[in-house]
Amino acid sequence: MLVATNPNWAESLTGIGTIVIAGGIIFAGFGARAAGKQIRQAESSRTSDLLMNMANRFDHSEMAESRQLTKVYQGRPEEFCNYYVIVKNANSPEYFKLLRLANFFEYWGILEANESLGIELIEQSIGTSARFYWEIWRQAIESTTDWDGLYENWTALVKKLEARQQAQLAES
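The text that follows walks through the structure, step by step, so that each part is easy to find. Each chain carries its own residue numbering, running from 1 in the direction its sequence is written. Totals for whole chains, interfaces and linings use all residues, but because this is a predicted model, local features are given only for residues with pLDDT of at least 70 and pairs of side-chain atoms are given and counted only at 80 or more. Working from all heavy atoms in the structure, the side-chain values ignore hydrogens and water.

**Looking at the pattern of salt bridges**
Part 1: Salt bridge, as used here, is a side-chain nitrogen of Lys or Arg placed within 4 Å of a carboxyl oxygen of Asp or Glu. A complete count under the given rule lists seven salt bridges for this structure.
Part 2: The shortest N-O distance in the salt bridge between Arg 138 and Glu 135 comes to 2.5 Å. Here Glu 135 and Arg 138 lie together in helix H5 (residues 119–143), a separation of three residues that amounts to about one turn.
Part 3: Via salt bridges that share partners, Glu 65, Lys 97 and Arg 100 belong to a single interconnected network. By the criteria applied, helices consist of DSSP H or I runs no shorter than four residues and strands consist of E runs no shorter than two, each listed in order from the N terminus.

This is the structure:
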């Protein structure tokens, strides 16, 4: 026959401690989940802010002027290259206006290379423009020998965008 006895103080303390530890683990799990959600929301907010900042910059009047200076050479990259060399050698204001656009795409390339923005987001937002202006700029960049690594991030970005486009076409 079993006789019921009251637990001693050590057993009681062990039981209470086990309940407290289990409760702490459960609350820590909830806390970690909430912290993870906050981190994802902060990352999403940062990405949105960065994207909007870049979009506003692209639409700014000075950037529009730079895009116009470049766009007139659509389909004529050799002529653009000649123009670029002339304004560069003259150190003219047009040279610096042209650089605004190339620098803009270089910054996008840097953001992608450092994984600050994903390639999918870049493709959806400025992918077409990055490739369009690259076709005009490519010869000028490749012929510039006095500046190693000139627009290497824009170059890498366009290569990734083109590879993604080719992969999507192959899937179709």
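**Let's talk about the nonpolar core**
Part 1: Grouped together as the largest cluster of nonpolar side chains are 36 residues, with contacts concentrated most on Phe 80, Tyr 84, Phe 105, Trp 108, Trp 137 and Trp 154.
Part 2: The element that contributes the greatest number of residues to this core is H5, accounting for ten residues.
Part 3: By definition, residues are in contact when any of their heavy atoms lie within 4.5 Å. Not counting chain neighbours up to four residues away, the residues in contact with Phe 80 comprise Thr 70, Tyr 73, Leu 98, Ile 136, Trp 137 and Ala 140. For the purposes of this section, nonpolar cores are sets of buried Ala, Val, Leu, Ile, Met, Phe, Trp, Tyr and Cys residues that join through side-chain atoms within 4.5 Å. Only protein chains enter the calculation, and the probe is 1.4 Å; a residue is then buried if its accessible area is under 20% of its type maximum, exposed if over 50%, and partly exposed in between.

**Quick look at unusual backbone geometry**
Part 1: Positive phi, close to 55 degrees, is recorded for Asn 91, a residue that is not glycine.
Part 2: Looking at the element boundaries, Asn 91 is found in the loop between helix H3 (77–89) and helix H4 (93–113).
Part 3: Within the chain, Tyr 151 stands out as a residue other than glycine whose phi angle is a positive 55 degrees.
Part 4: Using a relative accessible area of 4% as the deciding quantity, one classes Tyr 151 as buried.

**As for the packing of aromatic side chains**
Part 1: Aromatic pairing here means that ring centres of Phe, Tyr or Trp (its six-membered ring) are within 6.5 Å. Orientation follows from the plane angle: under 30 degrees is stacked, over 60 is edge-to-face, and everything else is tilted. Scanning all chains against the criterion turns up 18 aromatic pairs.
Part 2: With a centroid separation of 5.7 Å and an interplanar angle of 65 degrees, the aromatic rings of Tyr 73 and Phe 80 are classed as edge-to-face.
Part 3: Look at Tyr 73 and you get buried, because its relative accessible area is 13%.
Part 4: Both rings, one in Tyr 84 and one in Tyr 95, keep their centres 5.8 Å apart while their planes meet at 55 degrees; by these two values the pair is tilted. Separated by eleven residues along the polypeptide, Tyr 84 in helix H3 and Tyr 95 in helix H4 bring together distant segments of the chain.
Part 5: Take Tyr 95: its relative accessible area is 8%, and that puts it in the buried class.
Part 6: Cation over ring: Arg 67 sits above Phe 58, and NZ or CZ is 4.3 Å from the ring centre. Remark: a charge is flagged as sitting over a ring if the NZ atom of Lys or the CZ atom of Arg is within 6 Å of the ring centre and within 35 degrees of the ring normal.

Read these as layout, nothing more, since geometry by itself doesn't imply function.
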